[in-house]
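Below are the chains, spelled out letter by letter.
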Amino acid sequence: MTALLIDGIGELTTNDASLGEGVGGRLREAAVVIDDGRIAWVGAAAAAPPADERFDAAGRAVLPGWVDSHTHMVFAGDRTAEFEARMAGEAYAAGGINVTVEATRAATDAALAENLARLVAEARRGGTTTLETKTGYGLTVDDEVRSARIAAEQADAVTFLGAHVVPGGQDPRAYLDLVTGPMLDAVAPIVSAVDVFCEAGAFDESASARVLEAAAARGLATRVHGNQLGHGPGVRLAVQHRSLSVDHLGFLDDADVEALAGSWSDGARGTVATVLPACDLSTRMPLAPARRLIDAGAVLAIASNCNPGTSYTSSMGFCVATAVLQMGLSVQEAVRAATLGGAIALGMHEHGWRDPLGQMQPAVGAIRPGARADLQVLEAPSVTHLAYRPGMPLTAAVWRAGARVA
Ligand SMILES: N=CN[C@@H](CCC(=O)O)C(=O)O
Ligand SMILES: [Zn+2]
């Protein structure tokens with residue numbers, strides 16, 4: 001194996017308090033050695049061991065690759081008209097999902113895989129090295145299995161979202177029976193988690209609870225899309241069911257914030273609060289109260305929610321900038337939420353995990369010895385530039401599992 005030394009790092013964000021200072025575990029004048037797909041060494045550049053090859057970061061900032069813990073990238077079609085109508089004043093409603101369902105069902109496997117590859121490549125160029133994606137635009141047994149299979153070829157984690165919306169013309173009770181029964185059984189061998197859109201116009205509290213119970217009965221982790229379009233039971237349900245994350249969070253009351261923070265008390269694995277800044281902007285909905293969540297002690301993740309309806313971007317840099325400029329986070333807090341936070345939301349931060357193709361992978365979300373060698377070099381001296389220069393393409397180089405991917 002060829003070891004690579006990355007030195008000349010002006011500012012290294014490790015996300016490990018034992019390696020550096022502050023929220024990001026930051027080191028100055030640092031170096032990293034990667035070997036066999038993993039981080040082999042981290043420390044002061046002056047003390048770096050020799051390696052076979054060298055990359056000079058030339059004083060630039062290095063940080064973990066983004067961990068995008070929430071996307072919907074298996075789809076076909078376009079929702080430009082819906083977006084235009086929204087920008088002209090129409091409200092977002094869950095019903096738009098059915099437009100993408102129709103286009104996705106009509107697409108060939110090759111077309112879906114190609115569109116996914118295009119989006120994954122975009123994400124990689126923007127510094128994303130770990131990516132979750134969901135089914136949810138098939139909504140028949142065959143179409144959901146097909147989406148899960150296509151996702152498994154390209155994503156690091158696949159989530160089943162059969163409970164996205166009741167497909168047009170179907171009886172809600174019969175569909176819930178299908179999603180919690182035969183459809184779930186068919187996708188269970190491929191996916192690692194189950195999600196439910198708990199919202200008016202999608203699945204109510206009791207239907208959502210049934211989805212979460214059915215998943216748990218099959219040993220699958222759960223996530224919830226909650227509190228996106230109004231206040232609802234999503235957060236409460238997610239915490240009660242010990243879901244890995246609850247995502248969106250535009251409408252929270254004090255009890256929701258306390259429940260999310262309290263879910264981590266006594267050393268328990270709690271529920272990550274995942275905010276989706278690009279989605280909040282793109283739907284002109286209130287921004288999730290990320291500052292309040294962190295201050296209360298919740299564990300925060302930032303994700304892109306890349307999908308054709310509510311957030312057609314995979315730019316984690318844009319999400320981080322928005323979280324700083326509009327949600328009141330410090331740059332270090334936002335970077336941590338978009339890297340380690342996402343890894344915690346996916347259960348990939350501490351130990352090895354199995355990818356959708358059955359291969360064991362090292363932990364992600366931090367630059368520490370033993371972790372997967374997922375890192376990005378910014379065309380900037382510090383991560384502060386992510387918010388100071390919003391919208392600029394600052395990703396200069398990306399390694400994923402030790403391989404240069406951008
Ligand atoms: N909220 C549910 N699902 C997506 C939207 C999907 C769509 O509109 O196509 C979301 O996360 O925003
Ligand atoms: Zn989503």
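Rules behind the numbers
Residues numbered from 1 in each chain as written. Chains lettered and ligands numbered in written order. Predicted model: local features only at pLDDT ≥ 70, side-chain atom pairs only at ≥ 80, totals over all residues. Domains from an automatic or database assignment. Contact = placed C-beta atoms within 7 Å. Helix = DSSP H or I, 4+ residues; strand = E, 2+ residues; numbered from the N terminus. Nonpolar A, V, L, I, M, F, W, Y, C, P; charged D, E, K, R; others polar. Core = buried A, V, L, I, M, F, W, Y, C linked by C-beta atoms within 7 Å. Buried ≥ 20, exposed ≤ 12 C-beta atoms within 10 Å, placed from the backbone. Near = placed C-beta within 6 Å. pLDDT = per-residue confidence, 0-100.

1. Let's talk about the domain arrangement of the protein
In step 1: Along its sequence, the protein is organised into domain 1 (4-64 + 366-404) and domain 2 (67-354).
In step 2: Computed over C-alpha atoms only, the centres of domain 1 and domain 2 are separated by 29 Å.
In step 3: Listed as interface residues are 20 residues of domain 1 and, on the opposing side, 19 residues of domain 2.
In step 4: Broken down by secondary-structure element, the contributors of at least two residues to the side of domain 1 that touches domain 2 are β5 (61-64), α14 (385-388) and β17 (395-400).
In step 5: The biggest single contributor to the side of domain 1 that touches domain 2 is β17, with 3 residues.
In step 6: For the side of domain 1 that touches domain 2, the per-class residue count stands at 10 nonpolar, 8 polar and 2 charged.

2. Examining the nonpolar core
In step 1: Ranked by size, the top nonpolar core spans 129 residues in total, and within it Val32, Val320 and Ala323 carry the most contacts.
In step 2: Broken down by element, this core gets its largest block of residues, 10 residues, from helix α13 (residues 331-346).
In step 3: Two domains each provide a minimum of three residues to this core, namely domain 1 (4-64 + 366-404) and domain 2 (67-354).
In step 4: Once residues within four sequence positions are removed from consideration, Val320 is found in contact with Ile302, Ala334, Val335, Ala338, Leu386 and Ala387.

3. Notes on the site of ligand 1
In step 1: Near ligand 1 you find 13 residues, and of these Ile97, Phe197, His225, Gly309 and Thr310 are the closest.
In step 2: Here the residues of the shell around ligand 1 are counted per class, giving 4 nonpolar, 9 polar and no charged.

4. Section: the confidence of the model for the protein
In step 1: Here the protein averages 97 in pLDDT, and 100% of its residues register 70 or above.
In step 2: Overall fold confidence for the complex sits at a pTM of 0.98, while the interface term, ipTM, reaches 0.98.

5. Observations regarding helix α1 (residues 80-87)
In step 1: Here α1 lies mainly on the outside; 0 of its 8 residues are buried.
In step 2: Two residues or fewer past α1, Gly89 is found with a positive phi of approximately 120°.

6. Considering unusual backbone geometry
In step 1: Backbone geometry at Asp36 places phi at a positive 55°, although glycine is not the residue there.
In step 2: With respect to the helices, strands and loops of the structure, Asp36 is situated in the loop between β2 (26-35) and β3 (38-44).
In step 3: For Asn305, which is not glycine, the phi dihedral falls at a positive 55°.

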